[in-house]
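Commentary on secondary and tertiary structure
This is what each chain is made of:
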Amino acid sequence: MASHTKTRNNKAGSRSKNKNVVGKAVMRLRVAQELSRTLFAARAQVVGLNLSAHAVKRIERGERAVLDFELQKLAKALRVPIGVFLEQSGISRDDSSAH
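Report on the accompanying structure.

Here we look at the overall build of the protein chain
- What the protein chain contains, in helices and strands, is six helices and zero strands.
- When the helices and strands of the protein chain are read in sequence order from the N terminus, they spell out α-α-α-α-α-α.
- By the burial criterion, 31% of the 99 residues in the protein chain qualify as buried.
- When contacts within the protein chain are restricted to residue pairs at least 6 apart in sequence, long-range pairs at least 24 apart make up 60% of them.
- Counting every atom, the protein chain has about 7,000 Å² of accessible surface; 53% of that belongs to carbon and sulfur.

A closer look at the pattern of salt bridges
- Under the definition given, this model contains three salt bridges.
- As a salt-bridge pair, glutamate 60 and arginine 30 come within 2.6 Å of each other at their nearest N and O atoms. Of this pair, glutamate 60 sits in helix H4 (residues 53-60) while arginine 30 sits in helix H2 (residues 23-32), and the two are 30 residues apart along the sequence.
- We note a salt bridge from arginine 37 to glutamate 60, for which the minimum N-O separation is 2.9 Å. Here the residue arginine 37 occupies a position in helix H3 (residues 37-46), and glutamate 60 occupies one in helix H4, the gap between them amounting to 23 residues.
- Overall, arginine 37 belongs to the partly exposed group, its relative accessible area being 27%.
- Since its relative accessible area comes to 5%, glutamate 60 is described here as buried.
- Sharing partners across several salt bridges, the network here consists of Arg30, Arg37 and Glu60.

Points about unusual backbone geometry
- Despite not being glycine, glutamate 34 shows a phi value in the positive range, around 55 degrees.
- As for its position among the elements, glutamate 34 is in the loop between H2 and H3.
- Glutamate 34 gets classed as exposed once you look at its relative accessible area, which sits at 74%.
- Phi angles above zero are rare outside glycine, and arginine 79 is one such case at about 60 degrees.
- As for its placement among the helices and strands, arginine 79 is situated in the loop between helix H5 (68-78) and helix H6 (83-88).

With respect to H2
- Among the residues making up H2, those that are buried are Gly23, Ala25, Val26, Leu29 and Arg30. One side of H2 carries all its buried residues, which in axial view fall inside an arc of 160 degrees. In H2, the exposed positions angled more than 90 degrees off the buried face are occupied by Lys24 and Ala32.
- Count one or two residues on from H2 and you reach glutamate 34, which has phi positive near 55 degrees.

Regarding the environment of alanine 53
- As for its placement among the helices and strands, alanine 53 is situated in helix H4.
- Looking at alanine 53, the relative accessible area reads 25%, which means it is partly exposed.
- Remark: the alpha-carbon pair of alanine 53 and phenylalanine 40, spanning 13 residues in sequence, is separated by 7.6 Å.
- Each residue touching alanine 53, except ones within four places of it in the same chain, is listed here: Arg37, Thr38 and Ala41.

Rules used throughout
- Residues numbered from 1 in each chain as written.
- Predicted model: local features only at pLDDT ≥ 70, side-chain atom pairs only at ≥ 80, totals over all residues.
- Heavy atoms only, no water.
- Helix = DSSP H or I, 4+ residues; strand = E, 2+ residues; numbered from the N terminus.
- Buried < 20%, exposed > 50% of the residue type's maximum accessible area, 1.4 Å probe, protein only.
- Contact = heavy atoms within 4.5 Å.
- Areas by Shrake-Rupley, 256 points an atom, 1.4 Å probe, with all protein chains shown as cover.
- Salt bridge = Lys/Arg side-chain N within 4 Å of Asp/Glu carboxyl O.
- Arc of directions from axis to C-beta.

Here you go:
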């Protein structure tokens, strides 16, 4: 029984790891535009990204990964250049290790 509990705790711990670097920026931009998660999810759907308000919440909390094409759609839904996410996340172009 103890090993089962340990496995459960490890799974719970892995859920708390941040799965994206842009979630906080998404939230700041959404809130700055006075958009609810529901309204933002609807905007995302209009630009071709099928998100629920719950999925937006998980992105903002870092609980859900964001794929490259999703980032592009999130930027379009928020009406900002895609680079804003990286700038607000503290990532500069110089940080790239791919040269």
